[in-house]
Amino acid sequence: MQKMQKNAELTTILQRSSSGKRKQSISMKEWMKTAIESIRLSNSSCHFSNHSDDEKGSFFVSSVAYLKPALKIAHSLADQVCKAEEYASAQIKNHRINHTGSKIPQPPFLPEASITLSDRITVSLSRVFTPRGVERGSLRPQSSGIKLSSEPSNSQIKPKLGAGKDSILEEEEDGIHGSEGMKVEGKFPFQNVELVELLPPDDFEGKNGDLREHSGRIYSLGLVFYELFSGGRRPPELVSNQCYENISKQDAIVENYDPLPANFSCNPIELGSALSIIRDLENDDDVLSAEAKNGSDSLRNARKKTRTCSNMTTVPRNMSKVSVEPLRMLKLPSPLCELIGNMIESINGDFSGDCAYNDMSDVRNDLLLMLVKPDQHLRNLDVEKLSITGLQINETVFGREGEFERLQQSYHRAISDSCSEFAIISGPSGTGKSVLASRLGRDIISNGGIFLSGKFDQLKQSKPFSAVADAFNEYCDVILSNGRCNRVSLVESRLRVALGQEAHHLVKVIPNLRNILINDEATICGHDEYECVDPRKRLEYLMCQFVAVISTSSSAPITLFLDDLQWADEASIEVIKRLLLTSGASHQSISFFFLGCCRDDEMTGDHQIWNMISSVKHFSITPTIIELTCMNQDTMNTLVSDVLCLPPRLTRSLSDILYHKTKGNPLFFCQLMISLNREGLLSVSLSRRRWEWDEEKIQSRKIPENVAVFFSKTIKELPKDVQIALRVMSCFGACSKISLIETLEQVLNSPLARYLDLAVSEGLLTKSDGRYHFAHDRVQEAAYEMMKPEGRCLYHFQYGLALCSTNIFDMNNDIIFTAVNQINRGGPAAVSKPSQSSTLANLNLTAGKRAVGMSDFRSAFVFFDNGINFLRKNHWKEHYDLSLQLFDGAAKCSFFIGDNLNLNLLTEQILTYAKTFDDKLNVMYITVSALSYASRLPESIEKGMVILSKLGEPLPESTSDDNIDSCIEQTLFMLNQYRDRDLTEYKRMTDSLKIKAMKFLARLETPCGMARPDLQPFVAIKKVHLSLTHGMCPYSSVGFAHFGALLARRGNLSDGYNYSKIGKNLLRIIGSKEVAGEVICVSTHVFCFVEPVQSTNEFYLEGHKAAMAVGDMINAMLNIIIHNVNCFWIGSSLPTVRKDFESTQFLLEQQNHETFLSQILPIMRNLSRLIGTSNDGNTPPYDETAMEHSLLSKNPFQATTFIFQKLYISFIFREYDQMKYLAEQYFQLPFRSWTLLFSTSARVFISGLVSFWIYRQTGEIIWVERGRNAKKMLSHWAESSEWNFSNKFYLLEAEEYWCNDDRENAKASYNKAIYYAKEHKFVNEEALTCELAGYFHLSLGDRNNAVNYFTQAHESYHQWGAFAKTSKVYEFVQSEFGFVQRVLTPNSLPLSQNDHLDVDNVPRKRVSSNQ
């Protein structure tokens, strides 16, 4: 009952004068009383009967629930006083400048010094309400509070972002924890502080306190804070003196002033008070009364009046001796007690301690730091622990808040759908680049993202993908950390689909991936039985697939952070570039962000990183470059303040010394601080419980000019064995695996790990994740610099040989690359025995082959090249096989990295010294491939033909049509002797020379198709002949696929379809993955003329993936381009088709395939025109006239495609003059290709429609003949595939009937064409047929049926997504008929009763007997 009465009483206090109002004002004393009582009631279950009053009080006032709002009140009061002083000072200054003689405007209330200031402070709460579930009148804490509007703000001090919940003022989700385990659940009404006001006294008549009284106001406010944070207690010294009444100024002067005190034992503080009064009486030159007037009398009066205010009339003598020990007894934080004590001590003037406050703004700033950085400036220092551990400097961003915010913004833009972006942090060594990146990493991880990190190493550049591999290995470890859970199973299944049988290539680079794909040893340990077209492109593709899987499997954005990009290898840069480009492609849904750090002062302008940035910017992938420099003096002082947990005003002198010694370098600063602590110049005081330092000794201490020299000096002070261990480790880079150290311990017979652990204790190394890490690159460099330059190569050589003392073939890749890299750093000059040369060359051969297996041809070339350098004179005679393998490997790597100069030199050596023709074939194949990739197609074909002749498989000299027909008939005769099953189960080719001949023929297929189409049929026929004669090999599938396409092109679709299927089956059974993309692409061409094109078109996507998996970019691009072109012709949604084309354009531009780009740009332009967005910027601009002239002169086949696209769009939009001109140009172009594409049928179809249309306009017989030829071809194709071609045939038939004025048959054929177009899902052709039928009926004067057909065309064009064409039809109907017909339903075809669909007479699909 008493408790409820007490609750009601407290609620009444809060709700006083608040009826109908949202804001209530209560005195500060009432607020304290309410707050303490609320906290007490919320802990009613706690038993306080055995505690003293002081112990009970400490429970309440030291709780977070009380401290946090109390600090805000204190900061608000200090801020008000500061603003009043600033305003008054500005008004005085303004009066002096203007000196008009007018009165100074009245400033806001500036309080006088008084020990009763707390009586005039009010606190306004935002509102008081009773939450549900709490009885009225109760002051139990509310379940959810209102956000405080009195949050402190300061432009110079920002809250620490991402502070953990261990912050002293942090509120846990399940409640607020007080001292001694006390828990306060929820939030309280008293915490909703909205406004704090310091009111003037009741007798205030506009007379403010004296501006001079800084120390008096600080003292007075210190007393207020004493009372506020103690929960209402006054200092015992004030209570014992009973000095609450005001005393006059003269009494104060007489009482405090003694011109010659006789008591020499008096307290110095008392003397200080007396002297301050004397100083006030004598030094009043800067004081100007608000009533000052011109003239000496007025000035004297002003001074006289000032003197009456110069001493505090309400501060009794000896009150500066107030102690804050009672506050400490209440368990208030020590920094807060020190702040209050320093405020009170400020009254002593010159006799105050060094820590006493001189300005109210310092009080305000220190309170703000306690609010926003409580862990540094409010928490008690654990001095006992610090006295043992010494100074600990945690990672901090060194005042880089602005840079960090930019980094965060870049990240959020990158993972959103708005743009593609990445970030690079650059700056000199030691400026905090890695620390800034690590902070972003913690922020990303805390928000559910994936942050993967790796570090490049100057001494590990020969290790393929070192940093990228470390990052992705880290992901594999993390995902497996909780065992094989559902998420691991999901990732595993998706990786199998994405990587397929190529997974083992990625496992070589990311060894820990083996642990995820553990259930498929065959995939993990795959072997290379075939040549990859471009292993680099394959690896880039696999990496992109890997990132896509881990991103989509967790729905979390992926961040890849790579440090020290200035030392990145070229292969890794290419992977990074591909990841950026892939994530930036519009068809991808990968949330990927790349973050890198580099020392820009160690990179030239043409460094590969800058080249990569320039390259990706071309594809609208935006870089955010954040440049870091050394800290300025203010930033360094903030850092010192945070590290030492002291206010900035107290650390300024120390930070100035440190700044001049370190030039603001953060790394140098941290190391110097730690060094000063170890030397005792910076130490923690157990008595004062804070950090102290000796400024004079620190100032006089000699410091090296840079951090590298500083580290060298530090290392030299260590024991000799530790120095040697650091020197050994420095030879292996910035970090070393513990397993490597253990291996070195065995071979060097030295306890390296023990000595390195000592270096860890000294802070020079860290030990984590199974590795020793140098604390910074500069430490590693300092240890490395301890070796003389001329002796370093011998150390490297010695360590490399030591690692190779065991069986190198049993070592993993890491050990091999590390060992051989160390040997190569020694070089041939370090070889002491001639017999070692071949051994070292063999080691490089092994490392080179393993690097090739990892698709790092740059590193592999370095190994092969070093192996060649280790060879001695006459090596071709003494070590022929070794020499041939090294030169062959180096030549292959030169080809893949585009080093044509070295390729030519190596090729010349092989061709000169190789003993047999067979030994020369590898480099000959590389030469032919290099010419083909360099677009030197005629040279490539010529060299290939020469080599085939030497292999005994020459191509015919005559390439006439008769010779082609003869060869085809001969080949068919040979094939007819076998069943389909016999061919797929045929014997295997074993003759190595014939297999190589097949390989060369496969290489010539594409160049011949582009530069020698007359030769292409014979290449395909030759492969079939060799397969039938010597057996099937992996390249036989290509021969059968091309032979099937050749038959289809010659009109034999049945046999062409059959042999194309055989080619695809051979690919599945014995085919090489190298040719998978080509076989799928070529065979699908033929399938599209037999099977429904909507389903067979998807095979091209399968071919694209297969080609990408082996780095076959040519066939990958062909597959995706043909797929997109077919999507256009089969009536897929045009906006979707355009999006796919934009993605394809993106890929083509990445690969710099200008030839393919010239093929898709015209169709992309047509897409934009059909959709109606020709000026939206999606289609890249190009000079049509220049492109047309270029294609006509260089490649007539591509020119045909270009002219046809222009012809098509002019026909669709009924631009007759342009259409006729283009049609004449189109039919004059030579067109000869042995590839039958579905788009070829579209050309025949559209050109036939155009021809009939022109004939009706001109009456020229040639046009109707061209139309009839097109109809004849469509009739032939319709026999093979009714689904794909019947509607096209009937439309051409209807157009011919119209030309012949056969109206009834024309009507029937139009209706059949519409029916089959709708049934077979060709909405584009349904729209076109309805439109042409509308024109036909309009020509007959049948306006009713005409408008119905036009309406149906309008609907179908709209369904297709051709919105611009839809508008044209709408406009035509409106202008022609004067109204807009209602939209018909799809089934409301305008057929008369006599018209019917003659379905029985539609050509049926003929099934091949070989099916």
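Residues numbered from 1 in each chain as written. Predicted model: local features only at pLDDT ≥ 70, side-chain atom pairs only at ≥ 80, totals over all residues. Heavy atoms only, no water.

> Is there a simple way to explain the nonpolar core in this structure?
Among soluble globular proteins, nonpolar side chains are generally buried collectively. Core analysis: the biggest nonpolar cluster contains 305 residues, and Leu 513, Leu 644 and Leu 726 have the highest contact counts within it. Val 61, Val 123, Tyr 219 and Tyr 226 belong to the second largest nonpolar core, which has 60 residues in total. (Core = buried A, V, L, I, M, F, W, Y, C linked by side-chain atoms within 4.5 Å. Buried < 20%, exposed > 50% of the residue type's maximum accessible area, 1.4 Å probe, protein only.)

> Looking at this model, I keep getting lost on unusual backbone geometry. Mind explaining?
Glycine aside, residues mostly have negative phi, and peptide bonds are mostly found in the trans state. For Lys 331, which is not glycine, the phi dihedral falls at a positive 65°. Note that Lys 331 resides in the loop between helix H10 (325-329) and helix H11 (334-345). For Lys 331, a relative accessible area of 42% translates into the label partly exposed. Even without being a glycine, Asn 874 presents a positive backbone phi close to 65°. Within the secondary structure, Asn 874 sits in the loop between helix H37 (857-870) and helix H38 (875-878). (Helix = DSSP H or I, 4+ residues; strand = E, 2+ residues; numbered from the N terminus.)

> In this structure, what is going on with the packing of aromatic side chains? I would like to understand it.
We describe a pair of aromatic rings using the distance from one ring centre to the other and the angle between the two ring planes. Under the defined criterion, the tally for this structure stands at 44 aromatic pairs. Geometrically, the ring pair formed by Phe 1204 and Tyr 1226 is tilted, given 5.9 Å between the ring centres and 45° between the ring planes. Residue Phe 1204 is located in helix H56 (residues 1196-1212), and its partner Tyr 1226 is located in helix H57 (residues 1216-1228); the two are separated by 22 residues in the primary sequence. With a relative accessible area of 2%, Phe 1204 lands in the buried category. A network of ring pairs unites the aromatic residues Phe 1128, Trp 1129, Phe 1204, Tyr 1208, Tyr 1226, Phe 1227, Trp 1263 and Trp 1360 as a single cluster. The residue whose ring lies beneath Lys 1064 is Phe 1099, and the NZ or CZ to ring-centre distance is 4.0 Å. Sitting over the face of the ring of Phe 1213, Arg 1169 holds its NZ or CZ atom 4.5 Å from the ring centroid. (Phe/Tyr/Trp six-rings, centres within 6.5 Å; stacked < 30°, edge-to-face > 60°. Lys NZ or Arg CZ within 6 Å of the ring centre and 35° of its normal.)

> Looking at this structure, I do not really get the pattern of salt bridges. What am I missing?
Should their charged atoms come close, side chains of opposite charge can pair. Enumeration over the complete set of coordinates arrives at 55 salt bridges. Among the ionic pairs, Glu 1224 bridges to Lys 1220, the shortest N-O distance being 2.6 Å. One end of the pair, Glu 1224, and the other, Lys 1220, are both in helix H57, four residues apart, so they sit about a helical turn from each other. Counted as one network, the salt bridges with shared partners bring together Lys 455, Asp 563, Asp 564, Arg 599, Asp 777, Arg 778 and Glu 781. (Salt bridge = Lys/Arg side-chain N within 4 Å of Asp/Glu carboxyl O.)

> Would you explain the packing of helix H31 (residues 738-748) against helix H32 (residues 752-761) in this entry?
The description of two helices packed together rests on the angle between their axes and the distance between the axes. Running from N to C, H31 and H32 point in directions that differ by 130°, and their axes come no closer than 9 Å. Judged by the angle between their axes, H31 and H32 are oblique. Contacts between H31 and H32 pair Ile 741, Leu 744, Glu 745 and Leu 748 from the former with Leu 752, Ala 753, Arg 754 and Leu 756 from the latter. Counted by class, the contact of H31 with H32 contains six nonpolar, no polar and two charged residues. (Axes fitted to C-alpha atoms, helices over the stretch in contact; angles between N-to-C directions. Parallel < 35°, antiparallel > 145°, perpendicular 65-115°, else oblique. Contact = heavy atoms within 4.5 Å. Nonpolar A, V, L, I, M, F, W, Y, C, P; charged D, E, K, R; others polar.)

> Please explain the sheet that holds strand S7 (residues 450-455) as it appears in this structure.
Strand pairing in a sheet relies on backbone hydrogen bonds. The paired strands run either parallel or antiparallel. Read from one edge of the open sheet, five strands run S7-S8-S9-S6-S10, paired in parallel fashion. Lying at the two open borders of the sheet, with one neighbouring strand each, are S7 and strand S10 (621-627). With strand direction ignored, the average angle separating the axes of adjacent strands in the sheet is 15°. With seven bridges joining them, strand S6 (residues 420-426) and S10 adopt parallel strand pairing. (Pairing = 2+ DSSP bridges.)

> Whenever I open this one, the sheet that holds strand S15 (residues 771-774) confuses me. Can you help?
If you trace the three strands from one edge of the open sheet to the other, you get S13-S15-S14, paired in antiparallel fashion. Only two strands of the sheet have a single neighbouring strand rather than two, namely strand S13 (735-737) and strand S14 (765-768). Going from strand to strand, the sheet's axes swing by 20° on average, the running direction of each strand aside. By the bridge criterion, three bridges tie S13 to S15 in an arrangement that is antiparallel. In the strand pairing of S15, Lys 737 is matched with Arg 771. Contacts from H31 reach S13, S14 and S15 within the one sheet, and its direction differs from that of S13 by about 75°.

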